[in-house]
Amino acid sequence: MSDAAAAPRSPWPALWALVIGFFMILVDSTIVSVAIPHIMSGLDAGINEVIWVTSAYLLAYAVPLLITGRLGDRFGPKPVYLTGLAVFTLASLWCGLADSIAILIVARVIQGLGAALMTPQTMAVIMRTFAPNARGAAMGLWGGVAGLAMLVGPLLGGALVDSLGWEWIFFINVPVGIVGFVLVMRLVPRLPLHAHSFDWLGVVLSAAGMFLLVFGIQEGETYDWGTMPILGVEVPLVGMIVAGVVLMVAFVVWQAVNRREPLVPLGIFRDRNFTLASIAIATIGFLVTAMAVPIFLYAQGVRGLTPTESALLMVPMAIGAGILSPFTSRFLQARDPRLFTAAGILGMGASVAWYGMWVQSETDVWLFLLPGALMGVSSAFVWGPLGIVATRNLDPRLAGAGSGVYNTVRQIGAVVGSAAIAAAMSWRIDAELGAGSSDQVSGASFGGQLPEQIAGPFSAALGQSLLLPAAVTALGVIAALCFAKPKAQGQQPPALAADDAAAAAVATAE
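Nothing here was measured: the structure is a model prediction, and the numbers come from that model.

Draft legend 1. Looking closely at the overall build of the chain. Helix and strand counts for the chain come out as 21 helices and two strands. By residue count, 58% of the 510 residues in the chain fall in the buried class. Summarising the internal contacts of the chain: among those between residues at least 6 apart in sequence, 86% fall at separations of at least 24. For the chain, the accessible surface area stands at approximately 19000 Å², while carbon and sulfur atoms represent 70% of it.

Draft legend 2. Geometry of the packing of aromatic side chains. Counted according to the given criterion, the structure contains 12 aromatic pairs. Here the aromatic rings of Trp166 and Phe170 are separated by 6.3 Å at their centres, their planes lie at 85°, and the arrangement is edge-to-face. Residue class for Trp166 comes out buried when judged on its relative accessible area of 7%. Relative to Trp358, the ring of Trp354 lies with its centre 5.3 Å away and its plane at 65°, an arrangement referred to as edge-to-face. Of this pair, Trp354 and Trp358 both sit in helix H15 (residues 338-359), four residues apart, which is roughly one turn of that helix. Against the face of Tyr57 rests Arg108, its NZ or CZ located 4.2 Å from the ring centre. Here the basic side chain of Arg428 rests over the ring of Trp427, its NZ or CZ set 4.7 Å away from the ring centre.

Draft legend 3. Structural detail: the pattern of salt bridges. As enumerated under the stated definition, the model contains three salt bridges in all. Taking the shortest distance from any N to any O, the salt bridge between Arg338 and Asp336 comes out at 2.3 Å. Exposure remark for Arg338: the relative accessible area of 26% places this residue in the partly exposed category. Looking at Asp336, the relative accessible area reads 24%, which means it is partly exposed. Measuring nitrogen to oxygen at the nearest pair gives 3.9 Å for the salt bridge that ties Arg428 to Glu432. Of this pair, Arg428 and Glu432 both sit in helix H18 (residues 399-433), four residues apart, which is roughly one turn of the helix. Note on Arg428: relative accessible area 18%, which makes it buried.

Draft legend 4. Layout of the nonpolar core. Membership of the largest hydrophobic core comes to 107 residues, with the highest contact counts inside it found for Leu104 and Met291. At 19 residues, the largest contribution of residues to this core is made by helix H12 (residues 272-302). With residues up to four places along the chain from it excluded, the contact list for Leu104 reads Ile39, Leu43, Val53, Cys95, Ala98, Trp166 and Phe170. Among the nonpolar cores identified, the runner-up in size contains 34 residues, and Trp52, Met210, Met240 and Val415 belong to it.

Draft legend 5. Examining the packing of H12 against H15 more closely. Contact geometry for H12 and H15: axes closest at 11 Å, N-to-C directions at 20°. Judged by the inter-axis angle, H12 sits roughly parallel to H15. Handedness of the crossing formed by H12 with H15: left-handed. For the pair H12 and H15, the contacting residues are Ala280, Ile284, Leu287, Val288, Met291, Ile295 and Tyr298 in the first and Ile345, Met348, Gly349, Val352, Tyr355, Trp358 and Val359 in the second. When grouped by side-chain class, the residues that make up the contact of H12 with H15 number 13 nonpolar, one polar and no charged.

Draft legend 6. Up close: helix H9 (residues 173-187). The end-to-end C-alpha separation of H9 is 21 Å, in line with the 21 Å expected for 15 residues at 1.5 Å each. Of all the positions in H9, only Asn173, Gly177, Gly180 and Val184 are classed as buried. Viewed along the axis of H9, the buried residues span an arc of 65°, placing them on a single side of the element.

Draft legend 7. Structural context of unusual backbone geometry. At Asp44, a residue that is not glycine, the phi angle is positive and equals roughly 50°. Summarising the element assignment, Asp44 is placed in the loop between helix H2 (12-43) and helix H3 (47-62). Exposure remark for Asp44: the relative accessible area of 58% places this residue in the exposed category.

Draft legend 8. Broad picture of the packing of H2 against H12. One way to put it is that H2 packs onto H12 with a least axis distance of 8 Å and a crossing angle of 60°. The pairing of H2 with H12 is recorded here as oblique in orientation. Of the two possible hands of crossing, H2 and H12 adopt the one that is right-handed. Contacts between H2 and H12 involve Ser33, Val34, Ile36, Pro37, His38 and Met40 from the first element and Ala292, Val293, Phe296, Leu297 and Gln300 from the second. Class assignment of the residues belonging to the contact of H2 with H12 gives a composition of eight nonpolar, three polar and no charged.

Draft legend 9. The pairing of strand S2 (residues 233-236), seen in detail. In this structure, strand S1 (residues 227-230) lies alongside S2, joined through four bridges in antiparallel fashion. Along S2, the bridge assignment pairs Ile230 with Val233. If you look at the hairpin formed by S1 and S2, you'll find two residues sitting between the two strands, and Leu231 has a positive phi there, around 55°.

Draft legend 10. Quick peek at a nonpolar patch on the surface. On the surface, Leu93, Trp94, Leu97, Val106, Ile110 and Leu113 cluster together into a nonpolar patch covering about 500 Å² of accessible area. At the level of secondary structure, the elements contributing two or more residues to the nonpolar patch comprise helix H5 (77-97) and helix H6 (101-129). Here Val106 falls in the partly exposed class, since its relative accessible area comes to 41%.

Draft legend 11. Just the side chain of Asp271, in detail. In this structure, Asp271 sits in the loop between helix H11 (237-257) and H12. Although buried, Asp271 forms no salt bridge, and the nearest oppositely charged side chain, Arg272, lies 8.0 Å from it. Residues contacting Asp271, with those up to four places away along its chain left out, are Ala390, Asn393 and Leu394.

Draft legend 12. A look at the confidence of the model for the chain. With 85% of its residues at a pLDDT of at least 70, the chain reaches an overall mean of 82. Per-element confidence in the chain ranges from a low mean pLDDT of 39 for helix H21 (residues 494-509) to a high of 95 for H15. Low pLDDT (under 50) marks residues 1-7, which in the prediction has five contacts with non-local residues, meaning those over four places away or in another chain. Scored below 50 in pLDDT, residues 490-510 shows 40 contacts in the model against residues more than four places distant or in partner chains.

So, how was this worked out
Numbering of residues starts from 1 in every chain and runs along the sequence as written. Restriction of local features to residues with pLDDT of at least 70 applies here, the model being predicted, together with a cutoff of 80 or more for giving and counting side-chain atom pairs; totals for whole chains, interfaces and linings are based on all residues. The side-chain numbers reported here are obtained from all heavy atoms of the structure, hydrogens and water having been left aside. Helix and strand labels come from DSSP, where a helix needs a run of H or I of at least four residues and a strand needs a run of E of at least two; each type is numbered from the N terminus. For every residue, the accessible area obtained with a 1.4 Å probe (protein chains only) is divided by the maximum for its type, and the residue is called buried under 20%, exposed over 50%, and partly exposed between those limits. Contacts are residue-level and defined by heavy atoms, with any inter-residue pair within 4.5 Å sufficient. All accessible-area figures derive from a Shrake-Rupley calculation using a 1.4 Å probe, and residue coverage is judged against the displayed protein chains alone. Note on aromatic pairs: the rings of Phe, Tyr and Trp (six-membered ring only in Trp) are paired at centre separations within 6.5 Å, and the planes decide the class, stacked below 30 degrees, edge-to-face beyond 60, tilted for the rest. The rule for a charge over a ring is simple: NZ of Lys or CZ of Arg within 6 Å of the ring centre, and within 35 degrees of the ring normal. We count a salt bridge whenever a side-chain nitrogen from Lys or Arg sits within 4 Å of a carboxyl oxygen from Asp or Glu. Only buried residues count toward a nonpolar core, which is a set of Ala, Val, Leu, Ile, Met, Phe, Trp, Tyr and Cys residues joined through side-chain atoms within 4.5 Å. Under this scheme, a helix contributes an axis fitted over its contacting stretch, all axes are lines through C-alpha atoms, and angles between N-to-C directions fall in the 0 to 180 degree range. If an angle is under 35 degrees, it is roughly parallel; if it is over 145, roughly antiparallel; if it lies from 65 to 115, roughly perpendicular; otherwise it is oblique. We call a crossing left-handed when the near helix sits turned anticlockwise from the far one by less than a right angle, and right-handed when that turn is clockwise. As a working rule, the residues Ala, Val, Leu, Ile, Met, Phe, Trp, Tyr, Cys and Pro are called nonpolar, Asp, Glu, Lys and Arg charged, and the rest polar, with Gly in that last group. Expected helix span is taken as 1.5 Å per residue step, with the number of steps being one fewer than the number of residues. Comment: arc refers to directions from the helix axis out to C-beta atoms. Paired strands, as defined in this entry, are two strands with at least two bridges between them according to DSSP. Distance thresholds for patches are 9 Å for like charges and 5 Å for nonpolar side chains (Val, Leu, Ile, Met, Phe, Trp, Tyr), applied to residues having over 30% relative accessible area and no salt bridge. Lys and Arg are tallied as positive, Asp and Glu as negative. Neither His nor the chain termini are counted. Confidence of the predictor at the level of single residues is captured by pLDDT, which takes values from 0 to 100.

Structure below.
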């Protein structure tokens, strides 16, 4: 083999190929929010039912992440990613063909499973193919893609819903998924495999615990925190939540005593920055997921905007994040990130509180561009920099586990945020419009702009519910302020150099 042939590939083409799928996953999360009123109308669904279109996806996305990271270590990031992309693309087609809210929710579950296979592989590839002093640029791309998705998702969703119907927000994934599949096949090398056993008991405990928690939280307000009929049996929702907590505690205990290979190696939490960054990203997942539904319900149901017009409110948010993220991640690569990241999280929380206050008043709707701009600038100091902080000191051989845990925590925040905002909206709608009113807000209510006598109290309820995700970000601010000061980063640690050398050998042999 010649020296030229033996030269390792640049990691950038592979990352760009993987980012297409990551971009599609994020677009699919934001694209649904703008279409919610039309899905409610088209499938004659209520608020709580349509929230499950998002919650089911997020739950199915979050639960397997712990094991899909390990699958990438065991079978390689490339084949696991391609499998997930194929599942996600086919499930998107099924979503678009759904003719009932129940079928749409089931298809979204399958979509979430595909996303879970894909997501950890992107961060694992960054950790295993980029030197520590180059990860800032790679994480900057990751953050920039997140910001761009915030723009493309609502705008594309609004245009598709207005012109072709809500089904096309899912059909659009099919050609993108095919292109992404071909590029990953051609550009992403096979990386060395690391043998892992699988903790199936841990999978069952975590999956059951998370499902009971989310289901209980989301349905609690609907049934006045009493009992809910499931298969003919009255099940107490508070008991369901308590059972979920018990199972999650049992999961953590099992991870500590498991003598083989636990699903979550608790040793990674000895890294102070990984633990704190995980807490911070959970609050961001909560905020970003929870804020979208009230804002789009208000813009379309109260102010009468079209999906495209309501999506335009998100433009400053996305532009700020998309343009600034690559620069902020590079800037913070070797600097103390505490004050910058804490300020970014604080700014994101403040922008949602700002939305909440203006939703409750007769503010000119286009002034909503201002809190959107604050959100965009602030988030540029959050997504990429938190990823750098979380992965900076991890052993590269734990890339899959670390990526899986980090992304799982982020998704847990998103799942709980989706469930919590549903409960908060139901609570405040009932408080403003009378007991049981939240059950009366269905697809028929969104055939056009809400009547004036309902719009005022409904707006107040939506605005009040937005204060919940704003308050949760305080925990993220505290976590960021407690980061340890970063150490100087070298070019390549020995463990990573050996891993990359093996990766290069495999890549050049293809």
